[in-house]
Amino acid sequence: MARTVARVIVDALSELGVRQVFGVVGDALNPVTDAIRTTDGLEWVGCRHEEAAAFAARAQSQLSGTLGVCMGTVGPGSVHLLNGLYDAAKSHAPVLAIAGQVPLAELGSDYFQEVDNDALFSDVAVFRATVTSPGQLPQMLETAVRTALGRKGVAVLTVPGDLGDQELTA
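Residues numbered from 1 in each chain as written. Predicted model: local features only at pLDDT ≥ 70, side-chain atom pairs only at ≥ 80, totals over all residues. Heavy atoms only, no water.

Chemist: Break down unusual backbone geometry for me, citing the residues and quoting the values.
Modeler: One non-glycine residue, His92, lies in the positive phi region at around 60°. Its place among the elements puts His92 in the loop between α5 (82–91) and β5 (95–101). Look at His92 and you get exposed, because its relative accessible area is 54%. Not every positive phi belongs to a glycine, and Gln113 is a case in point at roughly 65°. Within the fold, Gln113 resides in the loop between β5 and α6 (117–120). (Helix = DSSP H or I, 4+ residues; strand = E, 2+ residues; numbered from the N terminus. Buried < 20%, exposed > 50% of the residue type's maximum accessible area, 1.4 Å probe, protein only.)

Structure representation (structure tokens):
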């Protein structure tokens with residue numbers, strides 16, 4: 001049975017024991033927040049600012065010894081995660097940041113609010129990658145989580161807005 005990219009992300013987080021995801025709702029990540037909404041045992045914790053979401057994910061990780069998860073949408077949403085992610089990195093707290101991105105066809109075109117997340121997070125993240133096809137997601141997500149936990153640092157997985165509803169087969 002085929003599942004969407006968003007559903008695969010959320011199911012994996014749930015299987016890892018993640019109980020809360022902190023963030024600000026934004027259109028590029030709507031499929032992911034909707035998948036969280038329909039998943040028992042996983043709670044979306046809406047924050048007033050992405051910076052607070054990243055700090056909350058860091059605090060949860062550091063206090064519980066588990067993976068903290070935060071989300072920020074395209075452009076400013078992702079940029080606002082930086083302060084909290086630097087705090088996580090300096091505290092050696094494993095945090096996964098899921099960052100929204102412009103649609104795939106618009107990458108590299110100077111599209112409204114486009115930010116090169118891989119470059120933006122290069123100094124703070126022990127892993128960073130942009131998913132460009134549904135088939136890449138399972139391996140990239142696993143690598144992101146393993147790296148964050150193994151190196152006790154920040155992993156950033158960027159998901160273009162038009163990918164969340166796309167299906168993976170098998």
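More follows now that the structure is in view.
Chemist: Give a description of the packing of helix α3 (residues 50–64) against α5 that names residues and reports values.
Modeler: Two elements in contact, α3 and α5, have axes whose closest approach is 7 Å; the angle formed by their N-to-C orientations is 20°. Between α3 and α5, the crossing angle belongs to the class labelled roughly parallel. Across the interface between the two elements, Glu51, Ala54, Phe55, Arg58 and Gln62 from α3 touch Asn83, Gly84, Leu85, Asp87, Ala88 and Ser91 from α5. Split into classes, the residues belonging to the contact of α3 with α5 amount to four nonpolar, four polar and three charged. (Axes fitted to C-alpha atoms, helices over the stretch in contact; angles between N-to-C directions. Parallel < 35°, antiparallel > 145°, perpendicular 65-115°, else oblique. Contact = heavy atoms within 4.5 Å. Nonpolar A, V, L, I, M, F, W, Y, C, P; charged D, E, K, R; others polar.)

Chemist: Go over the pattern of salt bridges, please, and point to the residues and values.
Modeler: Scanning the entire structure with this criterion turns up five salt bridges. Close ionic contact of Arg3 with Asp11 constitutes a salt bridge, the shortest N to O distance being 2.7 Å. Take Asp11: its relative accessible area is 19%, and that puts it in the buried class. (Salt bridge = Lys/Arg side-chain N within 4 Å of Asp/Glu carboxyl O.)

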